[in-house]
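Here is what each chain is made of, one letter per residue.
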Amino acid sequence: MQFIIFHLDLQRYFKDLKMSTKPKIYKHAVLQTLFFIATAVALPAFAQQKTEDPLLKIYRGSAEKINDLIHTKLDVKFDYKKRYLYGKEWVTIKPHIYATDSLRLDAKGMDIKTVAIVRNGKNIPLKYTYDNLSLAIKLDKVYQNTENYTIYIDYTAKPDELKIAAGEAITDAKGLYFINPDSTEKGKPVQIWTQGELESSSAWFPTIDRTNQKTTDEISMTVPGKYVTLSNGRLAAQKKNADGTRTDTWKMELPHSPYLFMMAVGDFKIYKDKWRDKEVSYYLEPAYAPYAKDIFSFTPEAIEFYSKTLGVDYPWNKYSQIVVRDYVSGAMENTTATLHGAYVQGTTRELADRYYDKGRATIVHELFHQWFGDYVTAESWSNLTVNESFADFSETLWAEHKYGQDTGDDHNHDAMETYLENPADATKHLVRFHYHDAQDMFDAVSYKKGGRILNMMRNYLTPEVFFKGLNIYLKTNAFKNGEAQQLRLAMEEASGKDLNWFFNQWYFGAGHPLLDIKYKWDEATKTQTVYLNQTQEGKAFQLPMAVDIYNGTQKQRHQIWMRSKSDTLTFKVSAQPQLVNVDADKIMLTKKTDHKNLTELLFQYQHAPLYLDRLEAIEAAAAQQKDPVAQQILLAALQDKYYGLRIKTMNSIDPNNLALTTPSIPLILKIAKTDDNNLAKAEALKIISVTHDAAQQLSLFKEGLKSSSYAVQGASLFAMMNLQPAEALNMAKSFEKDSKGELTKAILAVYAKNGGDAEWPFVYKNYQESDTQAQIDMLKDFMFMTAHVKNPEYAQQGINHLKEIGIKYKSQGAAPMIIGILDQIKKVRQEQNDSSSVKLIGEAQQQINDKK
């Protein structure tokens, strides 16, 4: 399951709106003129009294196994008008160990028509009780654990009538989704799809909806003949029916957990690929079908890479990926059939700007789940780490393999920062047996922190031993369940080391070290001293690490352990080192304060090899930009080999520092003209567009408008907006028919600054159709236009959408900000005597406040 991408970006976004930030050289004029967004919104301060949550006292262990699922057979039909599923189920079960005469199945919000035992081909009715959440069945006799029995159930699932709380990770929990079933939303396809995690499969078929259950399955779907279907396993049969429908039967012949069951129905085009002798396929709606290879073509390569790395070949008979509309999370690793939200897809032009973006990371994240999550499944949500930490870690593995070490390190560091930015996460164990709700486990601890812990383990054990341990873990627990202790045992078997200290510290403990590093050189004794202090409250972390000492171009490595909260390292060397590089592999999960001076950091930038070595130097230099040595670092970093650091450096330069901007502008201009990375080139164009000599580069911006890159076009349009506003408005209109990504954002910025009611339909349509992250990026311009359009109907469209943001992301801090924004819009609408919009704003604010 991939979800946290948008979740954490939203937290950063709303935090940034509340805080004043240092001006950046690239800041374009439209952001400087936004009427109220950049001002601080006064937020009420509430004295919060902590109350103890009784749910946190509950021990969340593995679900008790009374009965075991063996095989699940489903025959389903869909009522598009009512949004119902009519199902018949034959579920084969056996007692786990103790004899039993009863069975309890999860079945949420259903009409149960028949419950029977199948005996000699006949259905013999059974007594049962049903409370709208679970089905308690009295069996016809006492069954031993050597006996299988098959239950037949005739039922109707009514997902849209089901009221079950969801969470931040998965924003809805009704299991079965009808998308535009009555075709009333123009331009939106008719689709059906399912979402099983956490325990929502039982909203569309009765089952024991627990992670520690595994079953084979057969699903027959009767659908309109014009649609295609997808489910787990292989398509075993297709039968055309006299009424124009078709029945497709999918068979999954290896066991997997109920939450990994899936169905999808709709007008999808199928692109068939191959890995070795196994089918790999991509299901896309027709508009994106021509780009299937562009979107997913690396999938077979990734399957091969992970298979070889793990020493366990991809274990299933096929691998399909499908992209659907209105998905309730990021993506889902259904066994053999991953379901993606729309953000992974794109045209060839869009994808050319993405490099290793959230879409590509999601694709490999879900693929890795086919081993960690599907092949071996977390035995309970408390041990979610053995699913999600591995999938998160796999993103870094693929980045290193496909794009190089810098990209992998960048991705790894960004994930660590995502975890570190929320202090509340430092109070949570990675394996948690106490939580309010299982949804709470889907957080930055299970994903980002867990992935970084695995990366540390790989470094500590060495990659060869680490992957040998993963191989043991997978083979030992194949088609079964796993937990952190089993992972520990596998790693100990592979390494011969006792790893209780590591797992107790990182898996069964909370927090991370706050590491302070100071240095002292004694010329008389030729002794280099390093003082290490862990400043966090509570326990000391045991930290094995590498320390590199540089004398000239010579580097000497020392492997050391920090076992207490304070430690002093001494090294006898012939001359004062140019650099002492603590945590030289840049692998530790820590918040670090390193007291190097700028001269040492310049040497580090020039000679230490890793992404983080250079980033540390850049960040320190950016904080001291008036220092000549800092300027030397930043000027060198504008020519860094990695585009991400070139962009970070451009964004860090203070435009008011003439001593730095004067020599940096020619370098940035070179990036704008010749860089081979679209994103770096686009950022450089934005910066050049707000310099005093921007008008002299008019030809450069006009050339950028012809680029095949949406990012470069968008940056060039931003520049034209500042230099030639009227022409930019005309250009924006000419780009409307083919605008995606950064170009769409630029068009909205142009319209927010110079447009009016005539441009609103484009603004509203494209804002509505954009993915979550793009909506976040365009929010300021959208709010500005909402306030200033003349037509009250248009203003009210914008107000309603802002209300939806405030409600949807209330738990992530959006509500106070959106309420404040609506207050500012209200003032503008009052000046326009728009009483209907003013009234709607009051109602919207009340609805945001009332939302639980």
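Residues numbered from 1 in each chain as written. Predicted model: local features only at pLDDT ≥ 70, side-chain atom pairs only at ≥ 80, totals over all residues. Heavy atoms only, no water.

S.K.: Got a minute to help me understand the overall build of the protein chain in this structure?
M.R.: Across its full length, the protein chain carries 27 helices and 29 strands. Taken along its principal axes, the extent of the C-alpha atoms in the protein chain is 90 × 75 × 60 Å. Taking all 852 residues of the protein chain together, the buried fraction comes to 58%. Total accessible area computed for the protein chain in this model is approximately 34800 Å², and 50% of it derives from carbon and sulfur atoms. For the protein chain, the centre of its 104 positive side-chain charges and the centre of its 104 negative side-chain charges are spaced 2 Å apart. (Helix = DSSP H or I, 4+ residues; strand = E, 2+ residues; numbered from the N terminus. Buried < 20%, exposed > 50% of the residue type's maximum accessible area, 1.4 Å probe, protein only. Areas by Shrake-Rupley, 256 points an atom, 1.4 Å probe, with all protein chains shown as cover. Lys, Arg positive; Asp, Glu negative; His and termini not counted. Charge placed at Lys NZ, Arg CZ, Asp CG, Glu CD.)

S.K.: I would appreciate a short explanation of the packing of helix 8 (residues 405-420) against helix 9 (residues 445-461) in the present structure.
M.R.: To characterise two packed helices, one gives the angle between the axes of the helices and the distance between these axes. At a minimum axis distance of 9 Å, the contact between helix 8 and helix 9 shows a crossing angle of 130 degrees. Classified by the angle between their axes, helix 8 and helix 9 sit oblique to one another. For the pair helix 8 and helix 9, the crossing hand works out as left-handed. Contacts between helix 8 and helix 9 pair N412, A415, M416, T418 and Y419 from the former with V445, K448, K449, R452 and N455 from the latter. Residue composition of the contact of helix 8 with helix 9, by class: four nonpolar, three polar and three charged. (Axes fitted to C-alpha atoms, helices over the stretch in contact; angles between N-to-C directions. Parallel < 35°, antiparallel > 145°, perpendicular 65-115°, else oblique. Left-handed = near helix turned anticlockwise from the far one by under 90°. Contact = heavy atoms within 4.5 Å. Nonpolar A, V, L, I, M, F, W, Y, C, P; charged D, E, K, R; others polar.)

S.K.: I would appreciate a short explanation of the confidence of the model for the protein chain in the present structure.
M.R.: A low pLDDT score tells you not to read the predicted coordinates there in detail. Counting all residues, the mean pLDDT for the protein chain is 93, and 94% of those residues have values of 70 or more. Contacts for the low-pLDDT stretch residues 4-49, under 50 throughout, to residues beyond four places or in other chains number 95 contacts. (pLDDT = per-residue confidence, 0-100.)

S.K.: Whenever I open this one, unusual backbone geometry confuses me. Can you help?
M.R.: With the exception of glycine, most residues fall at negative phi, and the peptide bonds are largely trans. With an omega of 10 degrees, the peptide bond running from E197 to L198 counts as cis. Its identity as a non-glycine residue notwithstanding, D583 has a phi of 55 degrees, on the positive side. Take D583: it is sitting in the loop between strand 28 (579-582) and strand 29 (591-594).

S.K.: Is there a simple way to think about the pairing of strand 6 (residues 127-130) in this case?
M.R.: The two faces of a sheet get side chains in turn, since along a regular strand they alternate between them. As judged from the four bridges shared by strand 6 and strand 7 (residues 134-143), these two strands associate in the antiparallel manner. Residue Y128 lies in a different strand from strand 7, and its bridge partner there is I137. Counting the residues in the hairpin turn of strand 6 and strand 7 gives three residues, including N132, whose phi is positive at 80 degrees. (Pairing = 2+ DSSP bridges.)

S.K.: For this particular structure, what's the right way to read the packing of aromatic side chains?
M.R.: Between two aromatic rings, the relevant description is the distance of the centres plus the angle of the planes. For the structure on display, the rule yields 52 aromatic pairs. Between F305 and Y306, the ring centres sit 5.4 Å apart and the planes meet at 45 degrees, which makes this aromatic pair tilted. Accessibility expressed as a relative area gives 16% for F305, which makes it buried. Accessibility expressed as a relative area gives 0% for Y306, which makes it buried. Ring-pair connections join several aromatic residues into one group, and the members of that group are W275, F298, F305, Y306, Y314, Y319, F368, W371, F372, F390, W398 and Y473. Note that R349 overlies the ring of Y710, its terminal NZ or CZ placed 3.9 Å from the centroid. Above the ring of F541, the side-chain terminus of K539 is found at 5.0 Å from the ring centroid. (Phe/Tyr/Trp six-rings, centres within 6.5 Å; stacked < 30°, edge-to-face > 60°. Lys NZ or Arg CZ within 6 Å of the ring centre and 35° of its normal.)

S.K.: How should helix 23 (residues 760-769) be read in this particular structure?
M.R.: In an α-helix there are 3.6 residues to a turn, and that puts residues three or four apart on one side. Turning to helix 23, its buried residues are W760, F762, V763, N766 and Y767. The arc enclosing the buried residues of helix 23, seen along the axis, measures out at 160 degrees, which places them on a common side. (Arc of directions from axis to C-beta.)

S.K.: I tried to follow the side chain of T247 on my own but got confused; where do I start?
M.R.: Residue placement: T247 occurs in strand 14 (residues 245-256). The exposure class assigned to T247 is buried, which follows from its relative accessible area of 14%. A distance of 2.8 Å separates polar atoms of two side chains, one belonging to T247 and the other to T222. Ignoring any residue separated from it by four or fewer positions in sequence, one finds T247 in contact with S220, M221, T222, A237, Q238, K239 and N241. (Polar contact = N/O pair within 3.5 Å; in protein donor to acceptor, adjacent residues only side chain to side chain.)

S.K.: Just to check I follow, could you spell out the sheet that holds strand 29 for this structure?
M.R.: Sheets are built from strands that pair by backbone hydrogen bonding, the pairs being arranged parallel or antiparallel. Taken together, the four strands give an open sheet; going across it, the order is 27-24-23-29, and neighbouring strands pair in mixed fashion. Pairing within the sheet leaves two strands with one partner each, and these edge strands are strand 27 (566-572) and strand 29. The average undirected angle you get between the axes of adjacent strands in this sheet is 20 degrees. Alignment of strand 23 (residues 514-522) against strand 29, held across four bridges, turns out to be parallel. Each residue of the ladder has a partner; that of L515, found in strand 29, is K592.

S.K.: Can you walk me through the pattern of salt bridges in this structure?
M.R.: Applying the stated criterion to the full structure yields 48 salt bridges. Among the salt bridges present, the one from D273 reaches K293, with a minimum N-O distance of 3.2 Å. Placement of the pair is D273 in strand 16 (residues 269-275) and K293 in helix 3 (residues 292-296), with a sequence separation of 20 residues. Since its relative accessible area comes to 35%, K293 is described here as partly exposed. Residues K555 and D548 are paired through a salt bridge, measuring 3.8 Å at the closest nitrogen-oxygen approach. (Salt bridge = Lys/Arg side-chain N within 4 Å of Asp/Glu carboxyl O.)

S.K.: Which parts of the structure should I look at to understand empty space enclosed by the protein?
M.R.: Using a probe with the size of a water molecule, rolled over the atoms, empty space left in the structure can be pinpointed. In total, this model carries one cavity of 30 Å³ or more according to the counting rule given. In this structure, the largest cavity spans a volume of roughly 50 Å³. Forming the walls of the largest cavity are D294, I295, V344, L351, R354, D357, G359, R360 and I363. For the lining of the largest cavity, the elements supplying multiple residues, two or more each, are helix 3 and helix 6 (358-369). Considering each element in turn, the lining of the largest cavity owes the most residues, three residues, to helix 6. Tallied by class, residues from the lining of the largest cavity come to four nonpolar, one polar and four charged. (1 Å grid on protein atoms, 1.4 Å probe; cavity = no way out; pocket = protein on both sides within 12 Å on 5 of 7 lines; lining within 4 Å. Points joined across faces, edges and corners; volume = space filled by probe spheres on them.)

S.K.: Mind showing me how you'd approach the environment of R246 here?
M.R.: Mapped onto the elements of the fold, R246 is located in strand 14. Overall, R246 belongs to the buried group, its relative accessible area being 11%. Here the alpha-carbon distance between R246 and K226, two residues 20 residues apart in the chain, equals 8.6 Å. Discounting residues that sit within four places of it in the chain, R246 has contacts with M221, T222, V223, P224, G225, Y227, V228, T229, Q238, K239, K240 and N241. Polar contacts involving the side chain of R246 include one to the main-chain carbonyl oxygen of G225, which spans 3.0 Å. For R246, the side chain forms a polar contact with the side chain of D248, separated by 2.7 Å.

S.K.: What is the right way to read the sheet that holds strand 2 (residues 84-95) from this model?
M.R.: The mixed open sheet is built from eight strands, whose spatial order is 5-4-8-2-1-11-14-13. Of all strands in the sheet, those bounded by a partner on one side alone are strand 5 (122-125) and strand 13 (234-240). Adjacent strand axes in the sheet meet at a mean angle of 20 degrees when their direction is disregarded. Sheet analysis places strand 1 (residues 67-79) next to strand 11 (residues 215-224), joined by seven bridges and oriented parallel. When the sheet's bridge partners are listed, H71 is paired in strand 11 with T216.

S.K.: Could you clarify how one ought to interpret the side chain of D217 in this entry?
M.R.: The topology assignment puts D217 in strand 11. Here D217 sits buried without a salt bridge, and the closest side chain of opposite charge, K318, lies 9.3 Å off (N-O distance). In contact with D217, other than residues within four places in its own chain, are H71, T72, N232, W250, K251, M252, H256 and F261.

S.K.: Looking at this structure, I do not really get helix 11 (residues 484-495). What am I missing?
M.R.: Taking 1.5 Å of rise per residue, the twelve residues of helix 11 would be expected to cover 16 Å, and the 16 Å separating its terminal C-alpha atoms lies within 8% of that figure. Within helix 11, the full set of buried residues consists of A484, L487, R488, A490, M491, E492, A494 and S495. Looking at the buried residues of helix 11, the elements they touch are helix 7 (385-403), helix 9, helix 10 (463-476) and helix 12 (500-506). Downstream of helix 11 by one or two residues, G496 has phi in the positive range, about 75 degrees. (Expected span 1.5 Å × (residues − 1).)

S.K.: Whenever I open this one, the layout of surface pockets confuses me. Can you help?
M.R.: The calculated volume of the second largest pocket comes to roughly 490 Å³. Forming the boundary of the second largest pocket are 23 residues, of which H413, K592, L612, E616 and E619 lie nearest the centre. Within the residue set of the lining of the second largest pocket, elements represented by two or more residues are helix 8, helix 9, strand 29, helix 13 (598-607) and helix 14 (611-622). A breakdown of the residues in the lining of the second largest pocket according to their chemical character gives eight nonpolar, five polar and ten charged.

S.K.: What is the right way to read the packing of helix 21 (residues 725-735) against helix 22 (residues 741-754) from this model?
M.R.: Two elements in contact, helix 21 and helix 22, have axes whose closest approach is 10 Å; the angle formed by their N-to-C orientations is 135 degrees. Taken as axis vectors, helix 21 and helix 22 run oblique relative to one another. The hand of the helix 21/helix 22 crossing is left-handed. Judged by residue contacts, P725, A728, L729, A732, K733 and F735 of helix 21 engage L743, I747, V750, Y751 and N754 from helix 22. Residues of the contact of helix 21 with helix 22, tallied by class, amount to nine nonpolar, one polar and one charged.

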